[in-house]
Amino acid sequence: MATMNMIQAINSALDVKLTDDPDTLIFGEDVGYFGGVFRVTDGLAKKHGLKRCFDTPISEGGIIATAIGMGAYGLRPIPEIQFADYILPAFDQLVSEAARLRYRSGGDFWAPITVRSPYGGGIFGGQTHSQSPEAIFAHITGLKTVIPSTPYDAKGLLIAAIEDDDPVIFLEPKRLYNGPFDGRPGQALKTWEGHPAADVPEGHYTVPLGKAAVVRDGQEATVLAYGTMVHVALAGIAESGVDAELIDLRSIVPLDIETITASVAKTGRCVILHEASRFGGFGGELAALLQERCFWALKSPIERVAGWDTPYPHAFEWDYFPGPGRLAKALARVMENA
Amino acid sequence: MAEPQTSSHRLELHIPEPAARPGGTASFDHISFAIGAAARKPAPLAPEAELRELPFGLIRVMGTENSAWDPQLPPETMRQALRIMLQTRLFEDRMFRAHRQGKTSFFMKSTGEEAIGIAPAMLLGAGDMCFPTYRMQGWLIARGYPLEMMINQIYSNAKDPLAGRQLPILYSARDYGFYSLSGNVGSRFGHAVGWAMASAYKGDDKIALGFIGEGSTAEGDFHEALTFAGVYRAPAILAINNNQWAISTFAGIATADGTTFASKAIAYGIPGLRVDGNDFLAVWAATQWAAERARANLGATLIEFLTYRASGHSTSDDPTKYRPADEAAHWPLGDPIERLKAHLIQLGEWSEERHAQAGAELTEQLRSAQRAAEEVGTLGQSKPSVAEMFNCVFKEPDWRVIEQRRELGV
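Residues numbered from 1 in each chain as written. Chains lettered and ligands numbered in written order. Predicted model: local features only at pLDDT ≥ 70, side-chain atom pairs only at ≥ 80, totals over all residues. Heavy atoms only, no water.

1. Notes on the sheet that holds strand β13 (residues 270-277) of chain A
Residues and elements named next belong to chain A.
So, point 1. Read across the sheet, five strands follow the order β9-β11-β10-β13-β14 without closing on themselves; strand pairing throughout is mixed. Two strands bound the open sheet, and with one partner strand each, they are β9 (213-216) and β14 (303-307). The mean inter-strand angle of the sheet, taken between neighbouring strand axes irrespective of direction, is 25°. (Pairing = 2+ DSSP bridges. Helix = DSSP H or I, 4+ residues; strand = E, 2+ residues; numbered from the N terminus. Axes fitted to C-alpha atoms, helices over the stretch in contact; angles between N-to-C directions.)

Now the structure itself:
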């Protein structure tokens, strides 16, 4: 065991896979010699050689097309898209090719690629370095979408994603890279030091895709969150005084429907928290699934707390960001008829 | 303070138009068919910088005295090629009629373009991978893919190898070196480069052959693929099937006039060849040259095959609405089957009688394959188990697929 922040944990997952599987390789913008703009691939090119971890042209469509072709050959490429905001030039490759290849070819070809990309706000990154695009991938049949919230999960989920034979979008909450963040700006920065989930084994282990984690047991309401918002949710629950159960989805596709329905059936109340804008966000799908499966157990309407339906703003970051205060108010609303 | 200058010229927006529309006189005078710099055949291992005139010439063999590019094929190979091209054309004519008879929803022909898929299929190795366009079913025929299976796919019947999930002719046949097709044009060009890079990464000896239409060279996919191919010296042959028409849009809308598609290679630092795509021997020679270069670790070559789409875009298209009805007859490079046939007859290696006899034999094979497929059923009469709709979404189905399959009751 070692104490790792999320950058080190992801780096360790990549190192483990580069070591144990010669068919894995990493490529993306600035990931080679330099080690990536967030240092996630630091040292990997030096240790494993440039052929295992190399720089690419600024060409997201080309990066993903190349990865799919390599996957069809039999490799397990792990491309990086520098920011999730930059992934859209590759959208056609992900949607029309990676996600559909197995289906349309009758299982003749498939794309076992893992696309890593930092997502989310809270770093004053403005419109083009802060977005949370998970819902648009969740809508695409044939793609898996995974979002860790701790160093331990990041490493285990990433190894599971790389070993998975289907294409996986692996979104890394960049606000959590160096420490947990409870959504309250202006405090001293926390590090992962001392956090139980920062104890990360140095070797190989997996956290299965499609298995949610119950982060906090509770009886009165259920909070569903993933990525950065798991930590915001803990703060919001504490602020509210409500005995809420917190579930970290860990992967939104595959979705652990059993764990979330069991929790909402138990508590009868649910608040969904995500950073992405609300309209058409993944919270809408969660709310629909829960009313289909738990309607008669519900004691109050399901609430969504999310980014506003605006582009991600720069100066108004903390007005936009769905912090613990907004979650606490939503929890108070779902408890009104208690 | 100086007055701003006013221009004496009004700007004018240029919208290119083809030489002729329906009712007009077909003309290809705007295209250069001169052999030019391609009279010389450089060594396949020549430095790229010495090859920059090539993409403005035209590689031709048949009808050219002592062409440097003549691959010197044995007559039996040429006869085999002729039979495969003929089989492909007869197959497509038959399936086009099957569409008109309501036996399938959709079909596309490669009439006039048969040499481009077939020469590489005969020439390249069994482990090499073709990333085709949808006008390349000749590859499958050349590689001996069962005709009956092709028809089962076109009919989406119970024996469809793609289990009813994909449009007719968008085949996938890994064991025959034929990558999964998609109806989105151009999007697999970069896969060919990635596949080739993987082969090089593994120290393998396999190369990739990617195809794209001239219309799709305007997609970002084309430029991304060439950038990667150039940077990483991917062992790939990247080919443009320039058949002059992208549905109703002429090639002059895909690139500026006065240049060639092949010459785009220069900016990516890879050789570009421009080839008479209706000359089977020229297609063979150019592909062989590029393959040798790729296998020698010198990276990719861009090849423009100059051809003409003699058929409509698909069964949903009526080309007489946008081009002269007799335009194909004016195409200066003729027809690939007629040309190879004439070449073999001139060599004393073929005859009209043998050609007619081959046509009859091939037709009989097709009839028999079609009969067998129709015994299974045509579109709507027979289809794979509906449960197949839910398979292959992921390697293992997730709960959504399992629940929805149950909901549909299959």
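2. What about the interface of chain A and chain B?
Many analyses report the size of an interface as the accessible area lost when the parts associate.
So, point 1. Counting residues at the interface gives 48 residues for chain A, matched by 39 residues for chain B.
So, point 2. Between chain A and chain B lies a buried interface of about 3700 Å² when both sides are counted; carbon and sulfur atoms form 59% of it.
So, point 3. Looking only at chain A, the three residues that lose the most surface to chain B are Tyr73, Tyr103 and Arg104 of chain A, adding up to 22% of its buried area.
So, point 4. Remark: the boundary between chain A and chain B carries three salt bridges.
So, point 5. A salt bridge links aspartate 23 of chain A to lysine 202 of chain B, with the nearest nitrogen and oxygen atoms 2.5 Å apart.
So, point 6. Run the count over chain A and chain B and you get 26 residue pairs in polar contact (both at pLDDT 80 or more).
So, point 7. At the level of elements, β2 (24-28), β3 (53-55), α3 (60-73), α4 (91-98), α5 (101-104) and α10 (282-294) of chain A are the ones that each hand at least two residues to the side of chain A that touches chain B.
So, point 8. When residues of the side of chain A that touches chain B are assigned to their parent elements, the largest contribution, 10 residues, is made by α3 of chain A.
So, point 9. Its residues assigned to classes, the side of chain A that touches chain B shows 21 nonpolar, 14 polar and 13 charged. (Contact = heavy atoms within 4.5 Å. Buried area = accessible area lost by both parts, 1.4 Å probe. Salt bridge = Lys/Arg side-chain N within 4 Å of Asp/Glu carboxyl O. Polar contact = N/O pair within 3.5 Å; in protein donor to acceptor, adjacent residues only side chain to side chain. Nonpolar A, V, L, I, M, F, W, Y, C, P; charged D, E, K, R; others polar.)

3. Section: the packing of α3 of chain A against α4 of chain A
All names here are of chain A.
So, point 1. Running from amino to carboxyl end, α3 crosses α4 at an angle of 25°, the nearest separation of the two axes being 8 Å. Comparing the axis directions of α3 and α4 gives the class roughly parallel. The residues of α4 that touch α3, namely those facing Gly61, Ile64, Ala65 and Ile68, are Gln93, Leu94, Glu97 and Ala98.
So, point 2. When the residues that make up the contact of α3 with α4 are grouped by side-chain class, the tally is five nonpolar, two polar and one charged. (Parallel < 35°, antiparallel > 145°, perpendicular 65-115°, else oblique.)

4. Some words on a nonpolar patch on the surface
Residues and elements named next belong to chain B.
So, point 1. Taken together, the side chains of Val386, Met389, Leu408 and Val410 make up a nonpolar region of the molecular surface, amounting to roughly 300 Å² of accessible area.
So, point 2. With respect to the helices and strands, the residue valine 386 is situated in the loop between α11 (352-376) and α12 (399-408).
So, point 3. Taking relative accessible area as the criterion, valine 386 reaches 30% and is therefore assigned partly exposed. (Patch = residues over 30% accessible without salt bridge, like charges linked within 9 Å, V, L, I, M, F, W, Y side chains within 5 Å. Areas by Shrake-Rupley, 256 points an atom, 1.4 Å probe, with all protein chains shown as cover. Buried < 20%, exposed > 50% of the residue type's maximum accessible area, 1.4 Å probe, protein only.)

5. Section: helix α4 (residues 147-155) of chain B
Residues and elements named next belong to chain B.
So, point 1. Counting buried positions along α4 yields seven of nine residues, so the element is predominantly enclosed.
So, point 2. Every buried residue belonging to α4 is among Leu147, Met150, Ile151, Asn152, Gln153, Ile154 and Tyr155, and all of these are buried.
So, point 3. Trailing α4 by a residue or two, serine 156 shows a phi angle of about 50°, which is positive.

6. Observations concerning the side chain of aspartate 160 of chain B
All names here are of chain B.
So, point 1. Position of aspartate 160 among the secondary structure elements: in the loop between α4 and α5 (189-201).
So, point 2. Buried charge aspartate 160 goes without a salt bridge, the closest partner of opposite sign being arginine 165 at 8.3 Å.
So, point 3. Polar side-chain contacts of aspartate 160 include one of 2.8 Å to the backbone nitrogen of glycine 164.
So, point 4. If we skip the residues at most four places from it in the chain, aspartate 160 touches Asn152, Gln153, Arg165 and Pro384. (Lys, Arg positive; Asp, Glu negative; His and termini not counted.)

7. Examining the domain arrangement of chain B
So, point 1. For chain B, the assigned domains are domain 1 (48-379) and domain 2 (386-410).
So, point 2. The distance between the C-alpha centroids of domain 1 of chain B and domain 2 of chain B comes to 36 Å. (Domains from an automatic or database assignment.)

8. Digging into the domain arrangement of chain A
All names here are of chain A.
So, point 1. Segmenting chain A into domains produces domain 1 (2-200) and domain 2 (213-334).
So, point 2. Summing the contributions of domain 1 and of domain 2, the shared interface buries around 2500 Å²; its carbon and sulfur component is 61%.
So, point 3. Counting across the domain 1 and domain 2 interface gives two salt bridges.
So, point 4. Note that aspartate 153 and arginine 250 form a salt bridge whose closest N and O atoms lie 3.2 Å from each other.
So, point 5. Secondary-structure elements contributing two or more residues to the side of domain 1 that touches domain 2 are α6 (134-138), β6 (144-146) and α7 (151-163).
So, point 6. For the side of domain 1 that touches domain 2, the residue count by class is 16 nonpolar, 12 polar and six charged.

9. Section: the pattern of salt bridges
So, point 1. Taken as a whole, this structure holds 44 salt bridges over all chains when the rule is applied.
So, point 2. Between aspartate 256 of chain A and lysine 211 of chain A there is a salt bridge, and its shortest N-O distance comes to 3.2 Å. One end of the pair, aspartate 256 of chain A, is in the loop between β12 (251-253) and α9 (257-267); the other, lysine 211 of chain A, is in the loop between β8 (199-200) and β9, and 45 residues separate them in sequence.
So, point 3. Judged by its relative accessible area of 7%, aspartate 256 of chain A is buried.
So, point 4. Judged by its relative accessible area of 40%, lysine 211 of chain A is partly exposed.
So, point 5. Across the pair arginine 371 of chain B and glutamate 364 of chain B runs a salt bridge, and its minimum N-O distance is 3.7 Å.
So, point 6. For arginine 371 of chain B, a relative accessible area of 47% puts it in the partly exposed group.
So, point 7. Its relative accessible area of 37% is what places glutamate 364 of chain B among the partly exposed residues.
So, point 8. Three or more residues joined by partner-sharing salt bridges are found here, namely Arg102, Lys144, Asp164 and Asp166 of chain A.

10. Considerations on the nonpolar core
So, point 1. Counting residues in hydrophobic clusters, the biggest one holds 86 residues, and the most contacted among them are Ile64, Leu224, Leu249, Leu255 and Phe282 of chain A together with Leu238 of chain B.
So, point 2. Looking at which element gives the most residues to this core, the answer is α5 of chain B, with eight residues.
So, point 3. In this structure leucine 255 of chain A touches Leu249, Ile260, Phe282, Leu286 and Leu289 of chain A together with Trp399 of chain B, once residues within four positions along its chain are discounted.
So, point 4. Ile141, Leu209, Ala294 and Ile303 of chain B belong to the second-largest nonpolar core, a separate cluster that totals 76 residues. (Core = buried A, V, L, I, M, F, W, Y, C linked by side-chain atoms within 4.5 Å.)

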